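Observations on the model geometry
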Amino acid sequence: MATSDLCITFHGAARTVTGSMHHIRFRNRHYLLDCGLYQGRRSEARERNTTFPFRPKDVDVVILSHAHIDHCGNLPNLVKQGFAGPIYCTPATRDLIAVMLADSAKIQEEDAAFLNRKKPKDQAIQPLYNAIDVRNTLRRCQAIPYHQTFHPEHDLEVRFTDAGHILGSAITHLRFTANGTHHTVTFTGDLGRPGMPILRDPEPLPEADWVITESTYGGRLHEPPEKSIDALGVAVKRILSRGGKVLIPAFSLGRTQSLLYDLQGLIRQGAVPATSIFVDSPLALASTNVYAMHSDCFDDETMDLLEADADLISGNNVYYLQRAIDSMTLNERLDPCIIIAASGMCEAGRILHHLKHHVGDPKNGVLIVSYQAEHTLGWKLVKRWPVVRILDREIEPKAEVVPLPGLSSHADHQDLLNALLPIAGRAKGLFLVHGELRSAEALAEALKEQSIPHVHIPEPGFKIEV
Ligand SMILES: [Zn+2]
Ligand SMILES: [Zn+2]
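What counts, and at which threshold
Residues numbered from 1 in each chain as written. Chains lettered and ligands numbered in written order. Predicted model: local features only at pLDDT ≥ 70, side-chain atom pairs only at ≥ 80, totals over all residues. Helix = DSSP H or I, 4+ residues; strand = E, 2+ residues; numbered from the N terminus. Rg over C-alpha atoms; globule rule 2.2 N^0.38 Å. Buried ≥ 20, exposed ≤ 12 C-beta atoms within 10 Å, placed from the backbone. Contact = placed C-beta atoms within 7 Å. Expected span 1.5 Å × (residues − 1). Core = buried A, V, L, I, M, F, W, Y, C linked by C-beta atoms within 7 Å. Domains from an automatic or database assignment. Pairing = 2+ DSSP bridges. Axes fitted to C-alpha atoms, helices over the stretch in contact; angles between N-to-C directions. Parallel < 35°, antiparallel > 145°, perpendicular 65-115°, else oblique. Nonpolar A, V, L, I, M, F, W, Y, C, P; charged D, E, K, R; others polar. Left-handed = near helix turned anticlockwise from the far one by under 90°. Arc of directions from axis to C-beta.

Let us now look at the overall build of the protein. Within the protein one finds 14 helices and 22 strands. The C-alpha radius of gyration of the protein comes to 22 Å, within 12% of the 23 Å expected for a compact globule of 466 residues. Considered along the principal axes of its C-alpha atoms, the protein spans approximately 75 × 55 × 40 Å. Out of the 466 residues in the protein, the part that is buried amounts to 47%. The contacts of the protein with a sequence gap of at least 6 include a subset with a gap of at least 24, amounting to 74%.

Turning to helix H14 (residues 437-449), a few remarks are in order. Here H14 contains 13 residues, and its C-alpha end-to-end distance of 18 Å stays within 8% of the 18 Å for a straight helix at 1.5 Å per residue. Within H14 the residues assigned to the buried category are Ser-439, Ala-440, Ala-442, Leu-443, Ala-444 and Leu-447. Here the buried face of H14 lies against helix H13 (413-424), strand S20 (429-433) and strand S21 (455-456). Residue Ser-451 follows H14 closely and has a positive phi angle near 60°.

Below, the discussion takes up the nonpolar core. Among the nonpolar cores identified, the biggest contains 127 residues, and Val-62, Cys-72, Leu-96, Met-100, Ile-248 and Ile-340 are the most heavily contacted of them. The greatest single-element share of this core, amounting to seven residues, is contributed by helix H4 (residues 91-116). Summarising the domain contributions, this core has at least three residues from each of domain 1 (6-220 + 409-465) and domain 2 (225-407). In this structure Ile-248 touches Leu-259, Ile-338, Ile-339, Ile-340, Leu-367 and Val-369, once residues within four positions along its chain are discounted.

Another aspect to go through is the sheet that holds strand S3 (residues 29-33). Taken in spatial order, the seven strands of this open sheet run S6-S5-S4-S3-S2-S1-S22, and their pairing is mixed. Looking at the sheet topology across the chains shown, the edges are occupied by strand S6 (141-143) and strand S22 (462-465). Direction aside, neighbouring strands of the sheet carry axes that sit 20° apart on average. Relative to S6, strand S5 (residues 87-89) is paired through three bridges, and the arrangement is parallel. Opposite Cys-89, over in S6, you have Ala-143 as the bridge partner.

Our focus in this paragraph is the domain arrangement of the protein. One can read the domain layout of the protein as domain 1 (6-220 + 409-465) and domain 2 (225-407). For domain 1 and domain 2, the distance between their C-alpha centroids amounts to 28 Å. Contacts between the two partners involve 18 residues from domain 1, matched on the other side by 19 residues from domain 2.

The subject of this paragraph is the packing of H4 against helix H8 (residues 282-293). The axes of two packed helices give the description: the angle between them and the distance between them. Put simply, H4 and H8 touch, their axes get as near as 10 Å, and they point 170° apart. Our classification of the angle between H4 and H8 gives roughly antiparallel. Contacts between H4 and H8 pair Ala-92, Asp-95, Leu-96, Val-99 and Asp-103 from the former with Leu-283, Ala-286, Ser-287, Val-290 and Met-293 from the latter. Looking at the contact of H4 with H8 residue by residue, the class counts come to seven nonpolar, one polar and two charged.

Before going further, it helps to spend a moment on the environment of Glu-394. Looking at the secondary structure, you find Glu-394 in strand S18 (residues 393-395). A tally of 8 C-beta atoms within 10 Å means that Glu-394 is categorised as exposed. In this structure the C-alpha to C-alpha distance between Glu-394 and Lys-356, which are 38 residues apart in sequence, comes to 9.0 Å.

As a further point, take the packing of H4 against helix H5 (residues 131-139). Taken N-terminus to C-terminus, the directions of H4 and H5 make an angle of 160°; their axes are 9 Å apart at the nearest point. Taken together, the axes of H4 and H5 are roughly antiparallel relative to one another. In this structure, the crossing between H4 and H5 has a hand that is right-handed. Touching Ala-98, Leu-101, Ala-102 and Ala-105 of H4 are Ala-131, Asp-133, Val-134, Thr-137 and Leu-138, all from H5. Broken down by class, the residue content of the contact of H4 with H5 amounts to seven nonpolar, one polar and one charged.

Listed in full, the buried residues belonging to H5 are Asp-133, Val-134 and Thr-137. In an axial view of H5, the angular spread of the buried residues amounts to 100°, which keeps them on one side of the axis. Projecting away from the buried face of H5 at angles above 90 degrees are the exposed residues Ile-132 and Arg-139. Packing partners of the buried residues in H5 comprise helix H3 (75-80) and H4.

One face of the sheet, then the other: side chains in a regular strand alternate in exactly this way. Residues of strand S16 (residues 365-368) alternate between two faces, with Gly-365 and Leu-367 on one and Val-366 and Ile-368 on the opposite face, all of them buried. Of the pairings in the sheet, the one linking S16 to strand S19 (residues 400-403) comprises four bridges and is parallel in character. Paired with Val-366 across the two strands is Val-401, which belongs to S19.

In this section: the environment of Thr-51. Turning to its location among the elements, Thr-51 is positioned in the loop between helix H1 (42-50) and strand S4 (61-63). With 27 residues separating them along the chain, Thr-51 and Leu-78 place their C-alpha atoms 9.4 Å apart.

Taking strand neighbours across the sheet as the criterion, the six strands line up as S14-S13-S15-S12-S16-S19 in an open arrangement whose pairing is parallel. Of all strands in the sheet, those bounded by a partner on one side alone are strand S14 (318-320) and S19. In this sheet, neighbouring strand axes are inclined to one another by 20° on average, regardless of whether the strands run parallel or antiparallel. Direction of pairing for strand S13 (residues 277-279) relative to strand S15 (residues 338-341): parallel, over a ladder of three bridges. Opposite Ile-277, over in S15, you have Ile-338 as the bridge partner.

Set out below in structure tokens:
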């Protein structure tokens, strides 16, 4: 029986937002779009991340959309299990994954040590990967700038365009050729939104036969970025002027840099008093350094400010704390200040210590700037739970909690429609991934209302063959 030319299988981020991974077979060659870490309950995550639903050594090429860990975080394991081909990504993504994967390897090693602490030595589990696997992964990376067509194989042409989501994030367009016919695929990766700080707006999506799109905020709308930045300024000023500290839980890559940019802008305009900003995350400092190396990815407004010598994401008032001891001494400071620390949903990381020390005091404020999954500490704070457990303590949260959902770096429902509608009518199939089922369904519904046919929400393992 003759096999089909093209086969796409959705292995990760199918009906969920984590573990992005899609497999394309074209004739006898195997390609992987993203190889993300599945993040969830420890035991389930370990199971899903350890075993791939294909043989890693059969994969010929990986194409990576961006450096968030849910897109790149399982690459070292793929390499460890035998993948020996090239990994294509943009230059900024290459530099960012060096930082992100090194940090992830450390977490994997600490996790394994934690699980092994009560196990006999002969039953000890190995970390998912370690620093050596990360080094071997980085060796496989080939950095290709936006808009430069490249050929991973003789019958495949690929081009990255700017997704405007984080530094280096790419929309991937693939064009396979066999016997004079073409098959095209557009993969959005994570899409940003117009008007975001620092980065250029997302570029128009290239037309394709098969479109794989994220749907994180299907069914939900963000405030315009300017309105959210104003709200950020008003909240920060209010908390500082009553002598409080401002705590902001934030992802170290992307969110921290855009927050710093917004806060420094508000200080420049006089909307917020000049205040010390403590960025309590070694990973955020490393990521900021990569941002500084890639001004080629910045938008015009940011370039103009850079030329005027403005402090954009660093400056005399910004202190990056490396050592845990510096993080602890911050708790003894009495004067008002701003503290940015990971994790974004308050589930781990140094933000927990700051919350433990400050969330009981009504003078202080917690700004919630990222998506909070249900039952995380960040979600409980937003929902105003009367008592929360933080590390070893039960605490009544009396600090002001200010949700600022409009600062998201993901396209909202309308942004997704604006991006998809110009190309969706001509696609033979439109696959909504990287969204909870509810969000993907809301986007599918809106697309169908616009008479877009062939909209699918693939289950994990769903396969399309042509
Ligand atoms: Zn992302
Ligand atoms: Zn993502």
